[in-house]
Amino acid sequence: MTQPADATASAAATDRTVTGASITLEGVVKRYRGQDKPAVERLDLDIDAGHIVAFVGPSGCGKTTTLKMINRLIEPTEGRIFIGGRDVTKENPDKLRQSIGYVIQSGGLFPHWDVAKNIGAIPRVLGWNKERIAERTEYLLDLVGLDADAFAHRLPKDMSGGQQQRVGVARALAADPPVLLMDEPFGAVDPITRVRLQDSLIGIQKELGKTIVIVTHDFEEATKLGDKVLILSQGGHVEQYATPEEILANPATPFVEEFIGSGATLAHLTLSRVRDVAHDEVTIAYVGEPAADALTRARAAGHQWVVVIDQAGHPRAWPSLEELASKKTVSDYVDQRLPVVASSSTLNDALDTMLAASQGGTLVTDRRGAVIGSLGIKSVMDIIQAQLAEAREEESHTSYIEHADGTGPIETPIVAAADDDGEDGADAGERTASGA
Ligand SMILES: Nc1ncnc2c1ncn2[C@@H]1O[C@H](COP(=O)(O)OP(=O)(O)OP(=O)(O)O)[C@@H](O)[C@H]1O
């Protein structure tokens, strides 16, 4: 049921519109004043146009310094940076920053400006007229999944962290920059909101084809978002720069092996997406329609629940037929704990979402948030179990080869014998099994 990882990756790379620009770092060095060692020693890096690259590595390895050198919020001490083939180290830094979107943790919105004014900040500097800015604002709010009527005139303090972050992304995209730089953008939101924001970013990326560079502490987030992941160690040293699949299959250095850690087997799950699993059909009910009509459709389809959607196709609630039958018309109730994942979500995300909502299933949406089906916990567990069994088989095969080569551990496992006389054979057998 799952596709091979590389087939997914190449499909993702070919069906994209590309409006982004390539980024090249050539011999880039950053020495901060008063520091003995450079924060970035000498970095060469090529990022393809229209790709997402995630920077990961331990604290202080130079991720943020590298990111901020791209828009020259930090000036490189040496080296050159090219965007779309243009050497930007020679350009006016203010002009450069107007052409590069920049998103930080919590959105970084101006607190006394409403959403529309925040989004229009750079277009105003660029001299766009009011109509053009208003049109762009409406388009961007829709793109990031916020209703313009409800949000355009809200202040940041009257929105959730996730909503502020969506506005932060809209603001960064306002002047249609080819490059978007994001520094720990989802670090300050709860895990479920984080999944939704990640999925929303993947959707935006697919639609617009920008080049996105994202700094994160979270390897799982890096493998989910990145077409390629850059793993750095102290001094901005490149340990590995490759696709998530390559990194997980062939860690380039002992540092990478340790960094991805024992979670590597599970990290494979972050590469399996909800879209790779066949999902179940659902009966749709429309707010305001007679409940009897929706009941008839659900019964004809053999479904026990219906999904209530709004005009944009976004899910609002997932009531049972009994609940639905207790109303005359389909109500506009919004279930705040509704389990929803995007088709770009990982199976890990799907499981987390189901657990957080205490539900045995989740709704699945397309990249614009419209419902396309549901996914049950059993389908997810079956795939996870099959993958774990496969991974274990590979591991035991590898350790057998290591053993036969004489390169692996050679001691005979020692099983302690029961030393008191109260143990019966069965108990001793259980201990042996768990100890081995
Ligand atoms: N303004 C500065 N002055 C002096 N040293 C700095 C400055 N900013 C960063 N550094 C140092 O440069 C190194 C790299 O810092 P940087 O913030 O790029 O790392 P990072 O990988 O983004 O870390 P974190 O994950 O903790 O945010 C660190 O040793 C840091 O202490």
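Quick caveat, the model's predicted, so the values are computed rather than measured.

Basis of the calculations
- Residues numbered from 1 in each chain as written.
- Predicted model: local features only at pLDDT ≥ 70, side-chain atom pairs only at ≥ 80, totals over all residues.
- Helix = DSSP H or I, 4+ residues; strand = E, 2+ residues; numbered from the N terminus.
- Buried ≥ 20, exposed ≤ 12 C-beta atoms within 10 Å, placed from the backbone.
- Domains from an automatic or database assignment.
- Contact = placed C-beta atoms within 7 Å.
- Near = placed C-beta within 6 Å.
- Nonpolar A, V, L, I, M, F, W, Y, C, P; charged D, E, K, R; others polar.
- pLDDT = per-residue confidence, 0-100.
- Pairing = 2+ DSSP bridges.
- Axes fitted to C-alpha atoms, helices over the stretch in contact; angles between N-to-C directions.

Q: Teacher, can you tell me more about unusual backbone geometry here?
A: Among all residues save glycine, negative phi is the norm, and among peptide bonds the norm is trans. Phi angles above zero are rare outside glycine, and Asp176 is one such case at about 55°. Considering the arrangement of structural elements, one finds Asp176 in the loop between α8 (161-172) and β7 (179-183). Of the residues examined, Asp176 has 14 C-beta atoms within 10 Å and is grouped as partly exposed. With a phi close to 45°, Glu184 is a non-glycine residue in the positive phi region. Along the chain, Glu184 turns up in the loop between β7 and α9 (191-208).

Q: When you look at the domain arrangement of the chain in this model, what are you seeing that I'm missing?
A: For the chain, the assigned domains read domain 1 (17-248) and domain 2 (276-380). Taken over C-alpha atoms, the centre of domain 1 sits 33 Å from the centre of domain 2. The interface is formed by ten residues belonging to domain 1 together with twelve residues belonging to domain 2.

Q: How do you make sense of the site of the ligand when you look at a structure like this?
A: Near the ligand you find Tyr32, Gln35, Ala39, Gly57, Ser59, Gly60, Cys61, Gly62, Lys63, Thr64, Thr65 and His217, and these make up its full shell. The residue inventory of the shell around the ligand, partitioned by class, reads three nonpolar, eight polar and one charged.

Q: Would you mind showing me how to read the confidence of the model for the chain here?
A: Should the pLDDT be low somewhere, the predicted coordinates at that spot are not to be read in detail. Residues with a pLDDT of 70 or more make up 84% of the chain, whose mean pLDDT is 84. Per-residue pLDDT stays below 50 along residues 1-13; that stretch engages in 17 contacts with residues further than four places along the chain or on separate chains. Here residues 399-436 is a poorly scored stretch, pLDDT under 50, and it has eleven contacts once near neighbours within four places are set aside; other chains count.

Q: Is there a simple way to explain the sheet that holds strand β9 (residues 228-233) in this structure?
A: Backbone hydrogen bonds hold the strands of a sheet together, and the pairing may be parallel or antiparallel. Strand order in this open sheet of six strands is β6-β7-β8-β3-β9-β10, and the pairing throughout is mixed. Edge positions in the sheet fall to β6 (100-104) and β10 (237-242), since each of these pairs with one other strand and no more. On average, each strand axis in the sheet is tilted by 15° relative to the strand beside it, whichever way the strands run. Sheet topology places strand β3 (residues 52-56) next to strand β8 (residues 211-215); four bridges connect them, and they run parallel. Bridge pairing links Phe55 to Val215 in β8. Sheet strands in contact with α8 are β6 and β7, and its direction is about 165° off that of β6.

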